[in-house]
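Architecture at a glance
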Amino acid sequence: MTEILMAVIVLLLAVIVLLLVRRRRADPTDLLGSAMAARNTEHARSAHAAHAGAPAAGGDALVQQVRSLMAQRKKVPAVKLWREATGVSLAEAVRAVDLIAAGGLPSPPAAGLPPTAQRLAGPDLMANASALKHQGRAIEAIKLVRQHTGLGLREAKNIVDGL
């Protein structure tokens, strides 16, 4: 009888130890484990970027700021920061922030019009918008660009400001 009791006690102790080990691995406050996982992930990203011939991740200050915000789980401020710095649309900013969070590097925003707007806008439209802007009628120029390209207010304003 005592042999069976001893076997049950040993078995219960083994189960308790396994549960504690498993709980420790899943503990979100385990800073050492989190730091090691982040280091390994960053190492893998930089090795992949070096192998692919891409610039090393983290070379750009804006990308670093976005990564820092995403590490703090602050996606909305990260998207706002990206939009303010690049002038891209909300959807493009969300895609860029998600790509940065995944360890990639988004392509820099194209100068001038986005590719879809470049197809829609011809040289006549840009000449007319430029003429309106130089006449002091920037709001009308922005309306003209928005009407013919389908861009948002911020994107159209950025284009007119660049004329």
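The structure reproduced in this document is the subject of the present report. In this text the structure is predicted, and so the values were computed from the model without any measurement. (Residues numbered from 1 in each chain as written. Predicted model: local features only at pLDDT ≥ 70, side-chain atom pairs only at ≥ 80, totals over all residues. Heavy atoms only, no water.)

1. Re the overall build of the chain
A count of helical and extended segments in the chain gives 9 helices and 0 strands. Along the chain, from the amino end to the carboxyl end, the secondary structure elements read α-α-α-α-α-α-α-α-α. Evaluated residue by residue, the chain yields a buried proportion of 24% over its 163 residues. Total accessible area on the chain is roughly 11700 Å²; 63% of this is exposed by carbon and sulfur atoms. (Helix = DSSP H or I, 4+ residues; strand = E, 2+ residues; numbered from the N terminus. Buried < 20%, exposed > 50% of the residue type's maximum accessible area, 1.4 Å probe, protein only. Areas by Shrake-Rupley, 256 points an atom, 1.4 Å probe, with all protein chains shown as cover.)

2. Quick notes on the nonpolar core
Among the nonpolar cores identified, the biggest contains 13 residues, and Val66, Met70, Ala78, Trp82, Ala93, Val97 and Ile100 are the most heavily contacted of them. Counting only elements with at least two residues in this core, the list comes to helix H3 (61–71), helix H4 (75–86) and helix H5 (90–101). For this core, the leading source of residues is H3, giving 5 residues. If we skip the residues at most four places from it in the chain, Trp82 touches Leu62, Val63, Val66, Gly87, Val88, Ala93, Ala96, Val97, Ile100 and Pro106. Counting residues in each nonpolar core, the second largest holds 12 residues, with Ala129, Val145, Ala156 and Val160 among its members. (Core = buried A, V, L, I, M, F, W, Y, C linked by side-chain atoms within 4.5 Å. Contact = heavy atoms within 4.5 Å.)

3. Description of the pattern of salt bridges
Applying the stated criterion across every chain yields a total of 3 salt bridges. Taking the shortest distance from any N to any O, the salt bridge between Asp98 and Lys75 comes out at 2.8 Å. Here Asp98, found in helix H5, pairs with Lys75, found in helix H4; they are 23 residues apart in sequence, far enough to count as distant. On the basis of relative accessible area, Asp98 is assigned to the partly exposed category, the value being 33%. On the basis of relative accessibility, which here comes to 35%, the residue Lys75 falls in the partly exposed class. Close ionic contact of Arg137 with Glu140 constitutes a salt bridge, the shortest N to O distance being 2.7 Å. Residue classification places Arg137 among the partly exposed positions, given a relative accessible area of 35%. The class of Glu140 is partly exposed, set by a relative accessible area of 39%. (Salt bridge = Lys/Arg side-chain N within 4 Å of Asp/Glu carboxyl O.)

4. Considering the environment of Lys133
You can see Lys133 is positioned in helix H7 (residues 123–134). Classification of Lys133 as partly exposed rests on a relative accessible area of 24%. At a separation of 3.2 Å, a polar atom in the side chain of Lys133 contacts the main-chain carbonyl oxygen of Asp161. (Polar contact = N/O pair within 3.5 Å; in protein donor to acceptor, adjacent residues only side chain to side chain.)

5. Here's the deal with the packing of H4 against H5
Here H4 crosses H5 at 115 degrees, and the two axes come no closer than 9 Å. Considering how the two elements wind past one another, H4 and H5 form a crossing that is right-handed. Residues Lys75, Ala78, Val79, Trp82 and Arg83 of H4 form the contact with H5, whose participating residues are Leu90, Ala93, Val94, Ala96, Val97, Asp98 and Ile100. (Axes fitted to C-alpha atoms, helices over the stretch in contact; angles between N-to-C directions. Left-handed = near helix turned anticlockwise from the far one by under 90°.)

6. Remarks on a nonpolar patch on the surface
Judged by side-chain polarity, Leu5, Met6, Ile9, Leu13, Ile16 and Leu20 come together as a nonpolar surface patch covering roughly 600 Å² of accessible area. By the element assignment, Ile9 lies in helix H1 (residues 2–25). With relative accessibility at 39%, the residue Ile9 sits in the partly exposed group. (Patch = residues over 30% accessible without salt bridge, like charges linked within 9 Å, V, L, I, M, F, W, Y side chains within 5 Å.)

7. With respect to H4
With 12 residues, H4 should reach 16 Å at 1.5 Å per residue; the first-to-last C-alpha distance of 16 Å fits that figure. Among the residues of H4, those classed as buried are Ala78, Val79 and Trp82. Around the axis of H4, the buried residues are gathered within 100 degrees of arc, so they sit on the same side. When the buried face of H4 is taken as reference, the exposed residues oriented beyond 90 degrees from it are Val76, Lys80 and Glu84. Taken together, the buried residues of H4 touch H3 and H5. (Expected span 1.5 Å × (residues − 1). Arc of directions from axis to C-beta.)

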